Every structure is written in C-alpha cells, then in structure tokens.
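Working through the structure, step by step
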Amino acid sequence: MGCDGGTIPKRHELVKGPKKVEKVDKDAELVAQWNYCTLSQEILRRPIVACELGRLYNKDAVIEFLLDKSSEKALGKAASHIKSIKNVTELRLSDNPAWEGDKGNTKGDKHDDLQRARFICPVVGLEMNGRHRFCFLRCCGCVFSERALKEIKAEVCHTCGAAFQEDDVIVLNGTKEDVETLKRRMEERRLRAKLGKKAKKPKAAESVSKPGVSEEFPGPSKIKTGKPEETSLDSREKKASSAPKNAAANGSSSGKVGKPPCGTTKRSIADSEESEAYKSLFTTHSSAKRSKEESAHWVTHTSYCF
C-alpha cells in the first residue's frame with residue numbers, strides 16, 4: 001500500500017530503529033522538586049515539612065495521608081517511610097525579599113523567572129532553587145545552604161543557637177547516594193529508639209515493684225525509736241480519742257441514733273422531778289390515759305366518736 005502518485009519513500013520511513021531515550025528537562029525537574037509537594041503534587045505552602053530522606057511536603061497532605069486508612073493510598077510510595085507525624089520536621093524558612101510571586105503577573109504576560117526562589121539561606125543569601133545544595137537540622141528545623149555550614153563551622157545552629165550533631169544534618173532533595181545514606185541513618189536511628197523502649201520496660205516494672213517491698217520492710221528511718229513507757233501512753237491516748245470518733249462516724253453513716261451504753265438505763269418522765277405541767281405534755285402522764293368507757297367503739301372510725 002502507499003507509494004501512489006509517484007512518491008518515493010525514504011529509508012527512515014520504512015525501517016524503524018531503536019527508540020530514543022527521552023531526556024527530562026532539568027529546569028522542570030528542579031521546579032517540581034523545590035516548589036511542589038512530593039505527596040500531593042500541589043504548590044508548597046506553609047507549614048512546610050521535610051522527612052528524614054530530605055523530601056518536601058505540605059503538612060496538611062502528610063496529615064491526610066496518615067489519617068487515610070484505605071488500602072489504596074494515592075502516591076503511597078513517596079511517603080511509605082512516614083509512619084507518624086513525628087517522622088517529619090517542620091521547616092523554618094527565610095523568605096526571599098526579591099520574590100514577588102504572582103503579584104506582578106496579573107495579566108499573564110510577564111515572564112516567570114524560574115531561577116527566582118521563594119526562600120533563601122539566612123547566612124549566605126543563596127536562593128533555594130535547586131542550583132545550590134541546601135540542608136536542614138532535624139533538631140530545630142532551620143534551613144541553611146551547605147556552603148554556609150562548611151564556611152562557618154560550628155556545633156550550634158546559626159539562627160536559634162540549638163546544639164546539633166552531624167547526624168542531625170539532612171540534605172534536601174539530594175542525589176541517589178545522599179538518599180541511600182539518609183535511609184541507612186534513618187533505619188539505625190529507629191532501631192536505637194526501639195531498643196531504648198525495650199530497655200525502659202523492665203526498669204519501669206522494677207520501679208513499680210520496689211515501693212511494695214519498701215513498705216513491707218521499712219528502713220531504719222521509718223522504725224520508731226523511744227522509751228516503752230512513752231510509746232504505751234501514746235497508744236492508749238490514741239485509742240481513747242479514736243473510740244468516740246468511730247462511734248459518731250458509724251452512727252452518722254447508718255442514719256440511726258446509736259444505742260446508749262449498757263450501764264445506762266432509760267429514765268421515765270413520770271419519775272423525773274419536773275413540774276406537772278411539763279409532764280402533762282407526754283403520753284406517759286396519767287391525764288393522757290383513757291379509761292375503758294372513753295375508749296373507741298369497734299364500729300366507729302375515730303376514737304373521739306362515742
């Protein structure tokens with residue numbers, strides 16, 4: 001088929017050679033790494049966090065990823081090593097005063113300078129656009145250029161003054177060799193933390209069991225030392241004072257009036273030395289008692305109807 005009308009095909013049209021390897025635009029790759037979230041592919045906006053491998057994320061995207069319990073997570077491979085919010089560090093970034101963003105490009109006819117970055121190194125002033133290596137401290141989250149850490153050698157953070165070690169320095173968007181080194185450090189760090197938790201568990205169990213032993217076998221400071229006569233007198237006074245308190249407490253808790261002691265007897269009002277007017281107020285008085293004639297009839301309802 002084909003070759004109608006006197007057309008002459010060429011060799012490259014008939015013979016298919018090997019496919020050319022597509023080259024990735026470096027500028028586009030740098031823009032994607034330094035301006036977009038690795039997890040959600042959205043523009044980076046504060047708060048910005050970084051993982052232990054040096055990748056940049058939006059904090060909201062990481063929280064949504066951790067809360068998502070479904071089996072199929074979008075772009076799960078990019079954050080599979082993040083098990084909790086403690087595995088990421090919130091970054092303290094320094095704004096670039098020369099960066100305008102989309103303020104001057106309202107009409108869409110302005111050239112976007114890809115070399116201009118939103119953030120810079122607070123020490124040297126280099127822009128964080130991917131052309132220079134940047135790193136952050138895992139202990140405080142401050143971000144610096146690698147040149148600043150090399151030129152100003154110190155064991156304290158240049159911004160907040162927090163002490164750090166070489167293990168706390170993590171390169172942002174590093175090469176494959178850097179990622180492998182950071183991954184090995186991350187695994188060693190997590191292994192040490194796990195062993196430390198296991199070592200704390202038996203110590204906690206021992207501390208719980210020790211107070212019981214100390215109560216059963218009190219030390220010399222807890223043993224009372226004194227004369228036997230003084231200790232016996234003190235014990236008697238304590239027993240005498242605690243007896244009436246216990247009796248009052250038992251009576252109030254039960255809601256009933258406690259019975260009088262066995263030695264006391266009930267005293268009748270009639271036998272008392274009060275006046276007759278006072279005695280007539282009680283039913284035990286002779287004036288309150290009725291005779292048989294005044295007693296109620298069996299048919300009547302009240303005792304006052306005769």
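Numbers given to residues run from 1 along each chain, matching the order in which its sequence is written. Local features in this predicted model are restricted to residues whose pLDDT is 70 or higher, and side-chain atom pairs enter the listing and the counts only when it is 80 or higher, whereas totals over whole chains, interfaces and linings include all residues. The basis for every side-chain value is the complete set of non-hydrogen atoms in the structure, without hydrogens or water.

For the rest of this paragraph, the subject is the sheet that holds strand E1 (residues 48–50). Pairing between two strands requires that DSSP report at least two bridges joining them. The helix and strand labels rest on DSSP assignments: H or I over at least four residues marks a helix, E over at least two residues marks a strand, and numbering proceeds from the N terminus. Read from one edge to the other, the open sheet built from three strands follows the order E2-E1-E3, with strand pairing classed as antiparallel. Of all strands in the sheet, those with a lone pairing partner are strand E2 (56–58) and strand E3 (89–90), marking the two edges. Lying over the sheet, helix H3 (residues 59–67) contacts E1, E2 and E3, oriented at roughly 80° with respect to E2. By definition in these notes, contact holds between two residues if any of their heavy atoms fall within 4.5 Å. Helix axes use the C-alpha atoms of the stretch in contact, all axes being lines fitted to C-alpha atoms, and the angles between their N-to-C directions lie in the range 0 to 180 degrees.

Okay, the nonpolar core next. Generally speaking, a soluble globular protein has its nonpolar side chains buried in company with each other. Core analysis: the largest hydrophobic core is formed by 42 residues, its most contacted members being Tyr57, Ile82, Leu91, Met128, Phe134, Val143 and Leu172. In this structure Val143 touches Leu91, Arg92, Leu93, Pro122, Met128, Phe134, Cys135, Phe136 and Leu172, once residues within four positions along its chain are discounted. Each nonpolar core is a collection of buried residues, namely Ala, Val, Leu, Ile, Met, Phe, Trp, Tyr and Cys, held together in the definition by side-chain atoms within 4.5 Å. Only protein chains enter the accessibility calculation, which uses a 1.4 Å probe. A residue is then buried if its area is under 20% of the maximum for its type, exposed if over 50%, and partly exposed in between.

Together, Lys86, Lys194, Lys197, Lys198, Lys200, Lys201 and Lys203 make up a positively charged patch on the protein surface. Assessed through its relative accessible area of 61%, Lys197 is described here as exposed. Patch construction takes residues with relative accessible area above 30% that form no salt bridge. Like charges are linked within 9 Å, and nonpolar side chains (Val, Leu, Ile, Met, Phe, Trp, Tyr) are linked within 5 Å. The method behind every accessible area is Shrake-Rupley, applied with a 1.4 Å probe, and residues are considered shielded solely by the protein chains displayed. Here, a salt bridge means any Lys or Arg side-chain nitrogen found within 4 Å of an Asp or Glu carboxyl oxygen. The charge count treats Lys and Arg as positive and Asp and Glu as negative. His and the chain ends do not count. Working definition for charges: the position is that of NZ of Lys, CZ of Arg, CG of Asp or CD of Glu.

All right, on to H3 then. Along H3, the residues classified as buried are Ala61, Val62, Phe65 and Leu66. Taken around the axis of H3, the buried residues stretch over an arc of 135°, which confines them to a single face. Set apart from the buried face of H3 by more than 90 degrees, the exposed residues are Glu64 and Leu67. Elements in contact with the buried residues of H3: E1 and E2. It is the directions from the helix axis to the C-beta atoms that the arc portrays.

Two faces, one strand: in a regular strand the side chains alternate between the faces of the sheet. What you see with strand E6 (residues 134–137) is no split at all: Phe134 and Phe136 on one side and Cys135 and Leu137 on the other are buried throughout. Pairing of E6 with strand E7 (residues 143–145) involves three bridges; the strand directions are antiparallel. Pairing of Phe134 across the sheet is with Ser145, part of E7. The turn joining E6 and E7, which pair antiparallel and follow one another in sequence, is formed by five residues; a positive phi near 90° is taken by Gly141. Relative to strand E8 (residues 169–171), E6 runs antiparallel, the two sharing three bridges. Opposite Leu137, over in E8, you have Val169 as the bridge partner.

Moving on to the state of the cysteines. Cysteine sulfur atoms that pair up within 2.5 Å are treated as a disulfide. Enumeration according to the criterion identifies zero disulfides in this entry. Here Cys157 stays free of any disulfide, with the sulfur of Cys160 as its closest cysteine sulfur at 3.6 Å. Judged by relative accessible area, which is 5%, Cys157 ranks as buried.

Okay, the packing of aromatic side chains next. Aromatic rings considered in pairs are described by the distance between their centres and by the relative angle of their planes. Stacked, edge-to-face and tilted labels apply to pairs of Phe, Tyr and Trp rings (six-membered ring for Trp) whose centres lie within 6.5 Å, assigned for plane angles under 30 degrees, over 60, and everything in between, in that order. Summed over the entire model, instances satisfying the criterion amount to one aromatic pair. Plain terms: the ring middles of Trp34 and Phe134 are 6.4 Å apart, the flat faces sit at 70° to each other, and that makes the pair edge-to-face. A residue pair is termed long-range when its members are at least 10 positions apart, and Trp34 in helix H2 (residues 26–35) and Phe134 in strand E6 qualify at 100 residues. Take Phe134: its relative accessible area is 1%, and that puts it in the buried class.

Another point: the confidence of the model for the chain. Residue-level confidence of the predictor is what pLDDT reports, using numbers from 0 through 100. Averaged over all residues, the pLDDT of the chain is 75; the fraction at 70 or higher stands at 65%. Mean pLDDT values over the elements of the chain span from 49, in helix H6 (residues 228–254), up to 95, in E1. For the stretch residues 213–231, pLDDT sits under 50, and the model shows three contacts to residues farther than four places along the chain or on other chains. Confidence over residues 246–258 falls short of pLDDT 50; this stretch has one contact with residues more than four positions distant or in other chains.

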